[in-house]
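Each chain is listed here by its residues.
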Amino acid sequence: MSYDLVVIGSGPAGYVCAIRGAQLGLKTAVVEKDKTFGGTCLNVGCIPSKALLHASHLFEEAEHDFAGMGIGVSKPKLDLKQMLSFKQEGVDGNVKGVDFLFKKNKIDAIKGTGKIIGAGKIDVDGKTIEAKNIVIATGSDVTRLKGIEIDEKRVVSSTGALSLDKVPGKLLVVGAGVIGLELGSVWRRLGAEVQVVEFLDRILPGMDGEVAKQFQRILEKQGMTFKLGSKVTAIDTKGKTLKASVEPAAGGKAETVEADVVLVAVGRVPFTEGLGLKEAGVELDERGRVKIDDHFQTNVKGIFAVGDVVRGAMLAHKGEDEGVAVAELIAGKAGHVNYDAIPNVIYTYPEVASVGKTEEELKQAGVAYKVGKFPFTANGRAKVNKTTEGFVKILSDDKTDKVLGVHIVGPDAGTMITEATITMEFSGSAEDIARTCHPHPTLSEAMKEAALGVDKRAIHM
Ligand code: FAD
Ligand code: NAI
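Now for a quick tour of the structure. (Residues numbered from 1 in each chain as written. Chains lettered and ligands numbered in written order. Predicted model: local features only at pLDDT ≥ 70, side-chain atom pairs only at ≥ 80, totals over all residues. Heavy atoms only, no water.)

1. Observations concerning the site of ligand 2
Item 1. In the neighbourhood of ligand 2, 24 residues make up the surrounding shell, with Ile179, Glu182, Glu198, Gly267 and Val345 lying closest.
Item 2. One of the backbone N or O atoms of Gly267 is found 2.8 Å from an oxygen atom in ligand 2.
Item 3. A distance of 2.7 Å separates a nitrogen atom of ligand 2 from a polar atom in the backbone of Val345.
Item 4. Out of a free accessible area of 840 Å², ligand 2 has 78% covered by protein chains.
Item 5. Among the secondary structure elements, those contributing two or more residues to the shell around ligand 2 are α6 (178-189) and β12 (230-236).
Item 6. No other element matches the 3 residues that α6 contributes to the shell around ligand 2.
Item 7. Among the residues forming the shell around ligand 2, the class breakdown is 15 nonpolar, 4 polar and 5 charged.
Item 8. Composition of the shell around ligand 2 by domain shows at least three residues from each of domain 1 (2-142 + 269-337) and domain 2 (155-266). (Near = heavy atom within 4 Å. Polar contact = N/O pair within 3.5 Å; in protein donor to acceptor, adjacent residues only side chain to side chain. Areas by Shrake-Rupley, 256 points an atom, 1.4 Å probe, with all protein chains shown as cover. Helix = DSSP H or I, 4+ residues; strand = E, 2+ residues; numbered from the N terminus. Nonpolar A, V, L, I, M, F, W, Y, C, P; charged D, E, K, R; others polar. Domains from an automatic or database assignment.)

2. A look at helix α12 (residues 413-425)
Residues three or four positions apart in an α-helix share a direction because the helix packs 3.6 residues into each turn.
Item 1. If you check α12, its first and last C-alpha atoms are 18 Å apart, about what 13 residues at 1.5 Å a residue would give, namely 18 Å.
Item 2. Turning to α12, its buried residues number three or more, namely Ala413, Gly414, Met416, Ile417, Ala420, Thr421, Thr423 and Met424.
Item 3. For α12, the secondary structure elements touched by its buried residues are β18 (344-346), β19 (351-356), β21 (391-397), β22 (403-410), α13 (430-434) and α14 (445-454).
Item 4. Just downstream of α12 lies Ser427, where phi reads positive at about 55 degrees. (Expected span 1.5 Å × (residues − 1). Buried < 20%, exposed > 50% of the residue type's maximum accessible area, 1.4 Å probe, protein only. Contact = heavy atoms within 4.5 Å.)

What follows is the structure, given as structure tokens:
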């Protein structure tokens, strides 16, 4: 078979690329090695983790917050099996959706492992298919720690942590990044004692420092404990309880921490295994990512790459936007991704969301900036809902007032960040947000007030 476009990998970067290619009239196929389409995100990432975050949050609310609102229920009982089925139904629905979209757009969905055997040629389990353009969208895999074997039962990656068959008495999380805090939150809400060991002296590296500090305090109040500046160097799995050796990051005396389950969440690495890149002459960068130019093209003409397997944030929406852009470029249009306006959300409670530069980054770059900050304690809707933890912080250019970064800790921060992202996409100013009418009473008014705060004229503070 011969195609205009063959995409290897059906995660958010790959399937979206295929759909956009087909929309633009390219004869398109997708090759996927797993049983189901949708990649990490739909099968063992974004979707199942959000299902468990949603269900476990309601479980906790029912136990702690309902009575205060005058809702009398008996202490909620966890039916973990049913909660896991709820999660799986959500995954199945989303995966089926991708199947449907492939059919609707007349995309050939080919199951099998794709191996590039030269420009324009792909081997799929012994069959050769031809393609004018190949897009590599093979995603990423779990980073492993030397000497620590992940069995996905007691020593788990995010994949195992999405399917534990009982709530661990004690969960030790290695890595205070997004996965550690999201999945740590799930199991804490369901009854586990959760301790997080983090190599650095702060949680969430890369996020605004003030946001990370306040968020850590909130998580500690919820009962999560942190051991910063520390690393897990070994896990003794012989006994009934796991024994983890935890050492200071700089080296020194190790202590033993016991746990029923250890979640290793120390990042992800690009996945290029079995793709035949070496033989095809496709270059990787120093971190094993497929090297691309500004148009997503590798050093081999006609071979492109997008998503987690290339540089940049490992986020589904970043991959999707790259998928669209590369399909448009291949079809002769002007595809483009604005990497300065990619939002980042942590779906805990409260949520954390950001877009653009952090204060630390602006300071380091020597950019003069103004700060407008507004706490949810002063927002009417948050007050009445009794969800007042957190704040909105807007950073704008000192001279031009252009929005450079927005950081939120608070309920529904993930939805609220879109307003900031659109403002940045249009090169808008804090004044633009401040002069935009926001509906009352909504949490989004905290965004408007923070924008007014940039010019020291917030109304409710
Ligand atoms: P993937 O989704 O990894 O898909 C790659 C696909 O390629 C896979 O299906 C794989 O089987 C296939 N493949 C690989 N090699 C071959 C081959 N040789 N032949 C055929 N097929 C092949 N991001 C967010 O934005 N929001 C979130 O809430 C979020 N939550 C997450 C939660 C967890 C627990 C995890 C692990 C990740 C989460 N992410 C989230 C990150 C998100 O999942 C990734 O950024 C996203 O899936 C990357 O998309 P991709 O298409 O590049 O790769
Ligand atoms: P991460 O990069 O977010 O965090 C890893 C953490 O582990 C860092 O804080 C790092 O300092 C720490 N660490 C590294 N080595 C360590 C060691 N030996 N001991 C102790 N700590 C160590 O990676 P994470 O959480 O695994 O997530 C992987 C990717 O998946 C992220 O890049 C993220 O973009 C994506 N993701 C996105 C989500 C979202 O958008 N809501 C949710 C989950 C994952």
